[in-house]
Amino acid sequence: MKRSLLAAALLSIAAASLPSQGADKVKIGFISTLSGPSAALGVDIRDAFMLAVKLNGGKLGGLPAEVLIGDDQFKPEVGRQLAEKDIKLDKVNFLTGFVFSNIMLASVPVAFENKVIYVSPNAAPSPLAGKQCNPYFFAVSWPNDAYHEAAGQYATQKGFKNAYLIAPNYQAGKDSLEGFKRFYKGKVASEVYTQLGQLDYSAELAQVRAAKPEALYAFLPGGMGINFIKQFVAAGLSKDIQLIVPGFGSDQDIIRPVGDSMLGLFDTAHWALDFDNPANKKFVAEFEREYKRLPSLFASQGYDAALLIDSAVREVKGRIEDTEGVRKALKSAKFQSVRGPFKFNRNQYPIQNYYLRVVGKDSQGRIVNKTMGTIFKDRGDAYVQECPMK
């Protein structure tokens, strides 16, 4: 009896000393805005993320992938509830999906407290790039300021002497206008913050008409931007004022409902449909085949988020319980991004190029963005020096 107990004990010790075999699957908590006026953004991110999983045979990094999808309903409190469920009840290995900074900032502390990595396919607010940078936060998109910095640089290069600025009153809105002003050397005619989710801009457009700026820079994502551009053109302001927007302000989710009014609009972005690299060509073709529509830049970010997770899980050979190993693998970013060159800064925000695009028609007569040139090359962000991470 004693001999069998001793043998069992030795077997137990031997088993404990063996290297772990890794997980049998990877669980992803995907939470995004999937209903309401801004749902198109979250839907594009979700569809592209799931496309990447499908093209990988239902796996990420060689492990079967279980993606738990939740709709935050454009409400911070709902986003947090879903994050708590995914992390504490469902024990997900990664969290991803949020579109809007205010919802993400309310939700991701749950992940950080439980040492669950959040891979952001969109929201990348300035606090998390600087003093509040976090080892469990990776932005696969672009810092909140970046498109706006590029737009400010473009407005300066074009010689616009005064510009009117408009954005919603939340973290990303404030970051956007700060970014524009950082590189715009002309005079700011006015800086206006609207309600988040606002759809009627008659009062703001009356103020723009009275101010008579040379240029108007508008950061209004999703349904806000659709309504604003329609109302801006209908008011006849496009004849005298150059409208400049960030890339998502004139992307496919905006082009589809607005139509020809978008033609000739300039914007700034880190990605475009016409990028000539193998990863992007495959992505655009497969997305259109699967969903019968052209992808937006939000879709490109959702796809890259899945590819980044896939690369990290593969790098650690499925041992996703090794959080530090996964973090190191994520930082190395060994995947082929649809945007071309991609690497992480030490704050785990990307270093990448930003481009000028113009809305025109492609060879099939479809309204799309076309790349015009590079505004910034290998641009990081303005906050990395404040990040204490090494």
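Structural data are supplied above this passage.
Since the model is a prediction, treat every value here as computed from it, not as a measurement.

Caption draft 1: Molecular detail of empty space enclosed by the protein. Throughout the structure, instances matching the rule amount to two cavities of 30 Å³ or more. Of the volumes computed, that of the largest cavity is approximately 140 Å³. In terms of lining, the largest cavity is formed by 16 residues, of which the most central are V99, N122, Y170, A172 and F219. Looking at side-chain class alone, the lining of the largest cavity contains twelve nonpolar, four polar and no charged residues. Taken as a whole, the second largest cavity holds about 50 Å³ of empty space. Forming the boundary of the second largest cavity are A218, L220, G225, F228, I229, V245 and G249. Sort the elements by how many residues they give to the lining of the second largest cavity and helix α8 (residues 223-234) lands first, with three residues. Grouping the amino acids of the lining of the second largest cavity by side-chain chemistry returns five nonpolar, two polar and no charged.

Caption draft 2: Representation of the pairing of strand β3 (residues 63-71) in the model. Of the strand pairs in this sheet, strand β1 (residues 26-32) and β3 are connected by seven bridges, and their pairing is parallel. By the bridge assignment for β3, K27 is matched with E66. The pairing of strand β2 (residues 59-60) with β3 spans two bridges and is antiparallel. Within the sheet, the bridge partner assigned to L60 lies in β3 and is L63. Hairpin geometry of β2 and β3 is characterised by an intervening segment of two residues between the two adjacent antiparallel strands and by a positive phi of about 65° at G61.

Reading the values: the criteria
Every residue gets a number counted from 1 within its own chain, in the order that chain's sequence is written. Note on the predicted model: pLDDT of at least 70 is required for a residue's local features to be given, and 80 or more for side-chain atom pairs to be given and counted; whole-chain, interface and lining totals, by contrast, use all residues. Calculation of side-chain values draws on the structure's entire complement of heavy atoms; hydrogens and water are dropped beforehand. Grid spacing is 1 Å over the protein atoms alone, the probe is 1.4 Å, and a cavity is where that probe fits but cannot get out, while a pocket is an open set with protein on both sides within 12 Å along at least five of seven lines and lining residues have an atom within 4 Å of a point. Grid points are joined across faces, edges and corners, and a volume is the space filled by probe spheres set on the points. We call Asp, Glu, Lys and Arg charged. Ala, Val, Leu, Ile, Met, Phe, Trp, Tyr, Cys and Pro are nonpolar, and the rest, Gly among them, are polar. Secondary structure follows DSSP: runs of H or I at least 4 residues long count as helices, runs of E at least 2 residues long count as strands, and numbering of each begins at the N terminus. Any two strands between which DSSP finds at least two bridges are classified as paired.

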